[in-house]
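# What the coordinates show
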Amino acid sequence: MALITIDGATPVTFECDESDTIMRAALRHGLGFPYSCNVGACGNCRFQLLDGEVEHLQESPRAWTERDEKRQRYLGCQARPLSDCRIKLRTNEQYVPQTEPVKVSATFKEKTVLTHDLSEFALELDKPLPFLAGQYALLGASAVDGPRAYSMCNVSRNDTEWSFQIKRVPDGAMTTHLFDLLQPGDALTLDGPFGTAYLREDSERDILCLAGGSGLSPMIAIARAAAEHPQLRQRRLDFIFGGRRPEDMCGEELLRDLPGFGSTLHFHSAISEDISETEWSGLRGFVHDVAQQLFGEALQSKEIYFAGPPLMAQAVQKMLFDLKVPLDQVHFDEFY
Ligand SMILES: Cc1cc2nc3c(=O)[nH]c(=O)nc-3n(C[C@H](O)[C@H](O)[C@H](O)COP(=O)(O)OP(=O)(O)OC[C@H]3O[C@@H](n4cnc5c(N)ncnc54)[C@H](O)[C@@H]3O)c2cc1C
Ligand code: FES
């Protein structure tokens, strides 16, 4: 066990297991260590090492640059301590977890096919653990090197059931394992919950959920939790799901049975490829364009959640920025 001290006017010290990372250990101790992706890709968890020794879990995490290395800067989600450490970073209240993440064992129960490349995986944890709608966990399989982040799609009832809607990535190590090899009863590990793009239950605004491809899961969780919530179910919720082609579409059947579907809860699907009118008569364009066409400046008064691949996330952020949507109404965790 290493002792990590965050330097400052009032230094804070916490314990970090040698197999854990400094950021995850800080969150387990209720500290607001900034982060987003948890997989070494966004750089939000960067800190400066003042004393001690660390090593990254991945050899070359995507967000770690030569300049970082020269300046003794590391990624908190990837850095595991090799000794006691003193580090410099600014903690922030917005990252203080509402439920501190823990590592648990889980058993794979069943898979439900949603489209040609998207399936829902139901897992049973070995102990009950709550999470907030929109959050994610790190899923590990002994046959795959390193965990991957996946967002829960079910509503937490503080029980042992966590489900994930996962998109197959061609030749992807984890998704090939999950889609082709995983059998009911197989053991997996989960570490979580993580993420700050969870449903804001105290907001009085109408809600917009934007999902692209692999981003379906957390947006489904947000819509399901809002539909059950005594105040939020009175609000209008629009759900836009985007894919390339008609066969990528799903989501409506997952929401249709929720209270308010068709009155307060509205589902829109859009495809981005140029397909003939006979094959697709619905909305066309990228998710951010569709949101802008449907709502324009009315976006400024909505609580907006989005999830999807990096290019979609960048386009949505730019569109919302250009339309002057206040940043504190926009919630997302960076997907990679
Ligand atoms: C916050 C977040 C939430 C996500 N939620 C979902 C979701 O709900 N549904 C969904 O379908 N996808 C989700 N993803 C994407 C998912 O985590 C995977 O990237 C995707 O499934 C591809 O994984 P793969 O192993 O099949 O592909 P690969 O291409 O083999 O790996 C994908 C990525 O994993 C990382 N990686 C590779 N090796 C290691 C290692 N040893 N240790 C740690 N990381 C490694 C690399 O960054 C690589 O780009 C999410 C991603 C993030 C960051
Ligand atoms: S790089 Fe660490 S949280 Fe994204």
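The rules we used
- Residues numbered from 1 in each chain as written.
- Chains lettered and ligands numbered in written order.
- Predicted model: local features only at pLDDT ≥ 70, side-chain atom pairs only at ≥ 80, totals over all residues.
- Heavy atoms only, no water.
- Helix = DSSP H or I, 4+ residues; strand = E, 2+ residues; numbered from the N terminus.
- Expected span 1.5 Å × (residues − 1).
- Buried < 20%, exposed > 50% of the residue type's maximum accessible area, 1.4 Å probe, protein only.
- Arc of directions from axis to C-beta.
- Contact = heavy atoms within 4.5 Å.
- Pairing = 2+ DSSP bridges.
- Axes fitted to C-alpha atoms, helices over the stretch in contact; angles between N-to-C directions.
- Domains from an automatic or database assignment.
- Buried area = accessible area lost by both parts, 1.4 Å probe.
- Salt bridge = Lys/Arg side-chain N within 4 Å of Asp/Glu carboxyl O.
- Near = heavy atom within 4 Å.
- Polar contact = N/O pair within 3.5 Å; in protein donor to acceptor, adjacent residues only side chain to side chain.
- Areas by Shrake-Rupley, 256 points an atom, 1.4 Å probe, with all protein chains shown as cover.

### Remarks on helix α7 (residues 310-322)
For α7, which comprises 13 residues, the first-to-last C-alpha distance of 18 Å matches the rise-based estimate of 18 Å (1.5 Å per residue) to within 8%. Of all the positions in α7, only Met 312, Ala 313, Val 316, Met 319 and Leu 320 are classed as buried. Each buried residue of α7 sits inside an arc of 130 degrees when the element is viewed along its axis, so together they form one side. Among the exposed residues of α7, those oriented more than 90 degrees off its buried face are Leu 311, Lys 318 and Phe 321. Taken together, the buried residues of α7 touch β14 (206-212), α6 (287-295), β18 (302-307) and β19 (330-331).

### Things to note about the sheet that holds strand β13 (residues 187-194)
Here 6 strands make up an open sheet; going across it, the order is β11-β10-β13-β8-β9-β12 and the pairing antiparallel. In the strand order of this sheet, the two ends are held by β11 (148-151) and β12 (161-167), each with one partner. Adjacent strand axes in the sheet meet at a mean angle of 40 degrees when their direction is disregarded. Contacting β9 (118-125), β11 and β12, helix α4 (residues 216-228) runs over the sheet at an angle of about 135 degrees to β12.

### As for the domain arrangement of the protein chain
As assigned here, the protein chain comprises domain 1 (2-95), domain 2 (102-194) and domain 3 (206-331). Computed over C-alpha atoms only, the centres of domain 2 and domain 3 are separated by 23 Å. Taken together, the contact pairs 15 residues of domain 2 with 16 residues of domain 3. Together, the buried faces of domain 2 and domain 3 total about 1300 Å²; carbon and sulfur atoms form 59% of this surface. Contact with domain 3 buries surface across domain 2, with Ala 133, Val 155 and Gln 165 losing the most and accounting together for 32% of the total. The interface formed by domain 2 and domain 3 holds 1 salt bridge in total. Where Glu 228 meets Arg 157, a salt bridge forms, and the shortest distance between an N and an O atom there is 2.7 Å.

### Considerations on the sheet that holds β18
Reading across from one edge, β17-β16-β15-β14-β18-β19 is the order of the 6 strands in this open sheet, with parallel pairing throughout. The sheet terminates laterally at β17 (283-284) and β19, the two strands that pair on one side only. Across 6 bridges, the pairing between β14 and strand β15 (residues 237-243) is parallel. What sits directly across from Ala 211, in β15, is Phe 241. Strand contacts of α4: β14, β15 and β18, with the helix running at about 165 degrees to β15, the strand carrying the most contacts.

### Let's talk about the pairing of β13
In terms of burial, β13 is largely enclosed, as 6 of its 8 residues are buried. As judged from the 6 bridges shared by strand β8 (residues 102-113) and β13, these two strands associate in the antiparallel manner. If you follow Thr 107 over to β13, its bridge partner there is Ala 187. Sheet analysis places strand β10 (residues 136-140) next to β13, joined by 4 bridges and oriented antiparallel. By the bridge assignment for β13, Leu 139 is matched with Leu 190.

### Quick word on the site of ligand 1
The local shell around ligand 1 holds 25 residues, among which Arg 148, Ala 149, Tyr 150, Lys 167 and Thr 175 are the closest. With respect to ligand 1, the side chain of Thr 175 contributes an N or O atom lying 2.6 Å from an oxygen atom. Note that a nitrogen atom of ligand 1 is positioned 3.2 Å from one of the backbone N or O atoms of Ser 214. For ligand 1, the accessible surface in isolation is 960 Å², of which the surrounding protein chains cover 83%. Among the elements of the structure, β11, β12 and α3 (173-181) are those that each provide at least two residues to the shell around ligand 1.

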